[in-house]
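# Examination of the molecular architecture
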Amino acid sequence: MCKEIAAAGKGTYVRATNANSGLNIVTSQIEKVQRKTYDAKSFKDFEDRFQYLIGLALLCLAIEFFITNRKSVRLSNVKLFEVRNG
């Protein structure tokens, strides 16, 4: 029955045993197969997720830019970049 299936599929039937007697036949049949190269195409689909957060962050930066022109009383006493001589 296996020989009939192999013949119907235009293949070769090889009886497998514990010895390597059928292995040489199988490897020779594999080497006879015509090799083809296939092109691979890769597609990446990105989801847009963070536009609203980026817009909110830019809005906060713009507001912070205009607010920091007015110094508060607490911040006027802080001098981070002043060099002390002494």
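Residues numbered from 1 in each chain as written. Predicted model: local features only at pLDDT ≥ 70, side-chain atom pairs only at ≥ 80, totals over all residues. Heavy atoms only, no water.

## Section: the overall build of the protein chain
Just so we agree on the cut-off: Only DSSP runs of H or I with at least four residues qualify as helices, and only runs of E with at least two residues qualify as strands; both kinds are numbered from the N terminus onward. The buried label goes to any residue with under 20% of its type's maximum accessible area, the exposed label to any with over 50%, and the partly exposed label to all in between, with areas taken from a 1.4 Å probe on protein chains only. We get accessible surface area from the Shrake-Rupley algorithm with a probe of 1.4 Å; when it comes to residues, only the shown protein chains can shield them.
Along its length, the protein chain carries four helices and zero strands. With 86 residues in all, the protein chain has 2% of them scored as buried. Carbon and sulfur atoms provide 58% of the accessible area of the protein chain, an area that totals close to 9700 Å².

## Let's talk about a nonpolar patch on the surface
Heads up, the rule is: Every patch collects residues that have over 30% relative accessible area and no salt bridge, joining them within 9 Å if they carry like charges and within 5 Å if they are nonpolar side chains (Val, Leu, Ile, Met, Phe, Trp, Tyr). Any carboxyl oxygen of Asp or Glu within 4 Å of a side-chain nitrogen of Lys or Arg constitutes a salt bridge here.
Judged by side-chain polarity, Phe 50, Leu 53, Ile 54, Leu 56, Leu 58, Leu 59, Leu 61, Ile 63 and Ile 67 come together as a nonpolar surface patch covering roughly 930 Å² of accessible area. Note that Leu 56 resides in helix 3 (residues 51–67).

## Section: unusual backbone geometry
For Lys 10, which is not glycine, the phi dihedral falls at a positive 55°. Position of Lys 10 among the secondary structure elements: in the loop between helix 1 (2–8) and helix 2 (23–32).

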